[in-house]
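The primary structure of each chain is shown beneath.
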Number of protein chains: 2
Amino acid sequence: MFNFEFYNPTKILFGKGQIASIAKEVPADARVLLTAGGGSIKANGVYQQVIDALAGRTIIEFWGIEPNPEYATLMKAVELGRKEKIDLILAVGGGSVLDGSKFIAAAIPFDGEPWDILNKGAAVNTATPLASILTLPATGSESNTFAVISRRETGEKLAFGSVHVYPKFAVLDPETTFSLPPRQVANGVVDAFCHVCEQYMTFPADAHIQDRFAESILKTLIEVGPRTLANPTNYDDRATFVWSATLALNGLIGAGVPQDWATHMIGHELTALYNIDHARTLAVVMPHLFRVQSAQKEAKLLQYAERIWGVTSGAPAERIEAAIAKTEEFFESMGLPTRLAKYDNIQDGTPALVAEKLQSRGFAKLGEKGEVGPEQVVEILTRSLAA
Amino acid sequence: MFNFEFYNPTKILFGKGQIASIAKEVPADARVLLTAGGGSIKANGVYQQVIDALAGRTIIEFWGIEPNPEYATLMKAVELGRKEKIDLILAVGGGSVLDGSKFIAAAIPFDGEPWDILNKGAAVNTATPLASILTLPATGSESNTFAVISRRETGEKLAFGSVHVYPKFAVLDPETTFSLPPRQVANGVVDAFCHVCEQYMTFPADAHIQDRFAESILKTLIEVGPRTLANPTNYDDRATFVWSATLALNGLIGAGVPQDWATHMIGHELTALYNIDHARTLAVVMPHLFRVQSAQKEAKLLQYAERIWGVTSGAPAERIEAAIAKTEEFFESMGLPTRLAKYDNIQDGTPALVAEKLQSRGFAKLGEKGEVGPEQVVEILTRSLAA
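A few words now on the overall build of chain A. Tallying secondary structure elements over chain A gives 14 helices and eight strands in all. Seen through its principal axes, chain A has C-alpha atoms that stretch 65 × 45 × 45 Å. Counting all 387 residues of chain A, 55% fall into the buried class. The contacts of chain A with a sequence gap of at least 6 include a subset with a gap of at least 24, amounting to 78%.

With 19 residues, helix α6 (residues 182–200) of chain A should cover 27 Å at 1.5 Å per step; its first-to-last C-alpha distance of 27 Å lies within 8% of that length. Buried residues dominate α6(A), accounting for 17 of its 19 residues.

All names here are of chain B. At a closest axis distance of 9 Å, the pairing of helix α11 (residues 298–309) and helix α12 (residues 316–333) adopts a crossing angle of 60°. One element, α11, and the other, α12, form an angle in the oblique class. As α11 runs across α12, the sense of the crossing is left-handed. Together, Glu-298, Leu-301, Leu-302, Tyr-304, Ala-305 and Trp-309 of α11 and Pro-316, Arg-319, Ile-320, Ala-322, Ala-323 and Lys-326 of α12 make up the contact between the two elements. Residue classes in the contact of α11 with α12 are distributed as nine nonpolar, no polar and three charged.

Let us look at the confidence of the model for chain A. Confidence in the prediction of chain A, expressed as mean pLDDT, is 96, and 100% of residues score 70 or more. For this predicted complex, the interface score ipTM comes out at 0.97, alongside a pTM of 0.97.

Moving on to the domain arrangement of chain A. Think of interface size as the accessible area that goes away when the parts come together; that is how it is often given. Residues and elements named next belong to chain A. The domains assigned to chain A are domain 1 (11–176) and domain 2 (181–385). Averaged C-alpha coordinates put domain 1 and domain 2 at centres separated by 27 Å. At the level of elements, β6 (146–151) and β7 (156–161) are the ones that each hand at least two residues to the side of domain 1 that touches domain 2.

Below, the discussion takes up the nonpolar core. Core analysis: the largest hydrophobic core is formed by 248 residues, its most contacted members being Val92(A), Val190(A), Val196(A), Val92(B), Val190(B) and Val196(B). Excluding anything up to four places from it in sequence, Val196(A) contacts Ala214(A), Ile217(A), Leu218(A), Ala248(A) and Ile253(A).

By a simple turn and slide, chain A fits onto chain B: the slide is 0.0 Å along the axis, the RMSD is 0.0 Å, and the turn is 180°. Taken together, the rotation angle and the small translation identify this as a two-fold axis. Of every C-alpha in chain A, the one belonging to Pro9(A) sits nearest the axis of rotation, 2.1 Å from it. A shared interface surface links the copies, since 100% of the contact residues of chain A are contact residues in chain B too.

Rules used in this analysis
Residues numbered from 1 in each chain as written. Chains lettered and ligands numbered in written order. Predicted model: local features only at pLDDT ≥ 70, side-chain atom pairs only at ≥ 80, totals over all residues. Helix = DSSP H or I, 4+ residues; strand = E, 2+ residues; numbered from the N terminus. Buried ≥ 20, exposed ≤ 12 C-beta atoms within 10 Å, placed from the backbone. Contact = placed C-beta atoms within 7 Å. Expected span 1.5 Å × (residues − 1). Axes fitted to C-alpha atoms, helices over the stretch in contact; angles between N-to-C directions. Parallel < 35°, antiparallel > 145°, perpendicular 65-115°, else oblique. Left-handed = near helix turned anticlockwise from the far one by under 90°. Nonpolar A, V, L, I, M, F, W, Y, C, P; charged D, E, K, R; others polar. pLDDT = per-residue confidence, 0-100. Domains from an automatic or database assignment. Core = buried A, V, L, I, M, F, W, Y, C linked by C-beta atoms within 7 Å. Least-squares fit on C-alpha atoms with pLDDT ≥ 70 in both.

Next up, the structure:
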């Protein structure tokens, strides 16, 4: 096991009716910047529950944080937050609203050009307090330090992380997710699954408990994912999915183990180029990355084959291919294509273009051992473009 | 899944040489009350590492916190802490030093008679900041809100809990545990195992991810427990055990599920009466409690039989008995007797005495459904007294 630091101070308020309990978390005289995306939180009643719970506080609303949140949009919220001297940002929505709000939280007190936080890795030494009401389970953003922000004019999708943007609290009421479009539920399940794989499918590090926790989440997502997609109002399955998605990326299973994240880096470029849903980029990259990196990941792929899919017979290469094929079947069963070829308008030369873009950003050696270079990126995407 | 609140702000500093990293956690001008038990931390070098890391701070030392920490001892530390106007309590040791230090932390600023915290459940509204260097993995106390304190003159062993006594940080360096006596390692493994069972062996609550996490810890303890007992200086096995013990009782696997804790309540009385090691009281109570409560716990016992021990054939009652027998074999293999009859000087009438003591403290209905009453306590202990 590697040395690690694990620190996650987000208070999770989980379950039916928990939005009301934010009344005890937010001071009565607080000035709250409520950040949101489109109008779905008005349609499903979440907005009204939040307003009711915050009765008496000053609420300043900022709407319009889009999927793959845009720097330009967020900077308007930064300006508003500074002008209104807010005490707390309350992000109400899914991962994009949350990621965007983390950037707003870091940028409000930032001295200098906030783009530097993303582009130059400028240190975030403080942040406006942030909290969240999560309405779309997937990203784990409600209980971690990370955010991914886009800048359309330059085709960039960049990440930052800071302990200062841990949400103070996060409300997860599974009932608020019942009305999500099936596509977003399916994306969420696959996103969470891939988050686990990024922290698991590397090389053995004698981290038995982390391995088993990771496998627990994978097995649970395979079990409840299709069920919660088919029966969106079954509370227990939805609750299990919601909590699994948080646990997939709250730092716990990644503590003390090697991590990959090459699939995410490649996927971000596909989203920036073609606006493909984040989870769908993972589904078209990850299985092929497993194949291309099967020698490096052999021991863990075999463990995954056995413990997750019950594949124990055949030569190692056959077991690995069987496990990858089952992974693809699972993604496809959730409605996510596992071939980039299934998307329209993919330009010729996309594999080389993505490899080049990653190189130009200084990401020429991805993966747990830096062995996913331009050549491997091209091979992964070329395979995914094959029918 | 039940509604829950999960909040655990303890920063875990895990791994080789991590004691040195407390230098960045403790302000340079801090007045630190270092609390400890006997001299083992001097013998194994931990004390010197702590002193080196805290160079420049004012350190006030309080030694002599005993196993099953005594109220009278702790009150001396409270007095010292108040007089010295300390900023931080740094508990260096195992669960007893930590539990005792939690009480010291709560008692220093407490307005009134601190015994009321234990005896009357008086509210703990604040506490002196606390942190820990853990040298004995077992109790999970390094990353939770609980403490158990004894008072010899009245034969009491009472618990309290407060979010204010969460350690700010906890150092877990597995190497500092290499020199532990085998008995303490064995006790720690069984203690952690039983902590998981108290949160798992109840009734199904559609909490699939919590179940699998609990099972992950159980399987891992069964795997590494005997190995780390046999080879105490194997780093990876010891590290896995240490991290498993923390995860067994940091609130995570108990979030959103029913909990039992009857075994602990009965066990505390045995320790108070006969000074039997805490873990050993759990080993002599838990298997018999499973038998006596096998109807109430049937579904989870069958799940446990299958997932932990691979027992899938036979009638339900046979599978349950096989799983309980395997649990006993595991405890015995670690050197812990599973029969109270194996201990000397157990007075006649002990089962009734324990039942009476629990009743007199207001604990007449224990367990996840309050179905472990005096009659069941007598039956459990009578079985454990049978050869």
